[in-house]
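If you want the building blocks of each chain, they are given just below.
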Amino acid sequence: EPEVTQTPSHQVTQMGQEVILRCVPISNHLYFYWYRQILGQKVEFLVSFYNNEISEKSEIFDDQFSVERPDGSNFTLKIRSTKLEDSAMYFCASSGWGSNTEAFFGQGTRLTVV
Amino acid sequence: SQQGEEDPQALSIQEGENATMNCSYKTSINNLQWYRQNSGRGLVHLILIRSNEREKHSGRLRVTLDTSKKSSSLLITASRAADTASYFCATDQPQGGSEKLVFGKGTKLTVNP
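Residues numbered from 1 in each chain as written. Chains lettered and ligands numbered in written order. Predicted model: local features only at pLDDT ≥ 70, side-chain atom pairs only at ≥ 80, totals over all residues. Heavy atoms only, no water.

**Concerning the pattern of salt bridges**
Heads up, the condition is: Between Lys or Arg on one side and Asp or Glu on the other, a salt bridge is scored when a side-chain nitrogen of the former is within 4 Å of a carboxyl oxygen of the latter. Helix numbering and strand numbering both begin at the N terminus, where a helix is a DSSP run of H or I of at least 4 residues and a strand a DSSP run of E of at least 2. Think of it in three bands: residues with accessible area under 20% of the maximum for their type are buried, residues over 50% are exposed, and the middle band is partly exposed, with areas taken using a 1.4 Å probe on protein chains only.
One pass over the full model with this rule turns up five salt bridges over all chains. With a shortest N-O distance of 3.1 Å, Glu56(A) and Lys100(B) are connected by a salt bridge. Placement of Glu56(A) in strand β6 (residues 53-57) and of Lys100(B) in the loop between β9 (85-92) and β10 (101-103) is noted, with the two residues assigned to different chains. No difference in accessibility class separates Glu56(A) from Lys100(B), as the two residues are buried. The closest approach of N and O atoms between Arg62(B) and Glu55(B), which form a salt bridge, is 3.2 Å. With a relative accessible area of 29%, Arg62(B) lands in the partly exposed category. Using a relative accessible area of 41% as the deciding quantity, one classes Glu55(B) as partly exposed.

**Focus: the layout of surface pockets**
For clarity, the threshold we go by: Note on definitions: the grid is 1 Å and covers protein atoms alone; a cavity is a set of points where a 1.4 Å probe fits but cannot get out; a pocket is an open set with protein on both sides within 12 Å along at least five of seven lines; lining residues have an atom within 4 Å of a point. Grid points are joined across faces, edges and corners, and a volume is the space filled by probe spheres set on the points. Classes in brief: Ala, Val, Leu, Ile, Met, Phe, Trp, Tyr, Cys and Pro nonpolar; Asp, Glu, Lys and Arg charged; the others, Gly included, polar.
Here the largest pocket is characterised by a volume of approximately 540 Å³. Lining of the largest pocket is provided by 23 residues; of these, Gln37(A), Gly40(A), Gln37(B), Ser86(B) and Phe88(B) occupy positions nearest its centre. Of all elements in the fold, only β9 and β11 (107-112) of chain B reach the threshold of two or more residues within the lining of the largest pocket. Per-class residue counts for the lining of the largest pocket are six nonpolar, 13 polar and four charged. Roughly 270 Å³ of internal volume is contained in the second largest pocket. Lining the second largest pocket we find 13 residues, and of these Glu3(A), Val4(A), Phe105(A), Gln107(A) and Leu43(B) sit closest to its centre. Looking at the lining of the second largest pocket, the elements that each hand over two or more residues are β1 (5-7) and β10 (103-105) of chain A together with β5 (43-50) of chain B.

Encoded structure:
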């Protein structure tokens, strides 16, 4: 069964450092997303990406964040200068065309900023 | 309450019993999805129910949707210890145009052997 894969599964970084989280969405999907979940809290939307551009972003997704689809398979989230409060589980998701298609999530990257 | 709020927050049952979790939301939707998350792990898609559907089944899962009350329920029948996880409902935001999902805080289900 096709699945969304994320790497790395864990990342520890020092405050102020840049991190890149990587995702390979399901191959025939058209919408790509990043969500995050701070420990013990709800899953929050960060950004959606369609047709090689951001289609929507949340207030969390400030100038420190960027997304890229560098080739036909990868989808990355970059945090330019990490803060302690960026520590969270980051999930990539993808979905197909239309308003009633399932969104499938990866296993997540646990980011710890020290 | 916020979009996609589940109740109860926590539920503890014995193996073999049924578990019912509820979700309420505020805005209009195209669909509502339920996900499972084992502790510290990824989100596993369980079921999607469209706004024009009232009930959907998948194995031991039964989902209902009442758009007039803006609520949904997830029923797990004949629960097993392996069903122990957090369960989240998520609603789409048709007015946003990006298909993003808004998640509730989840129900933590514990199934005791």
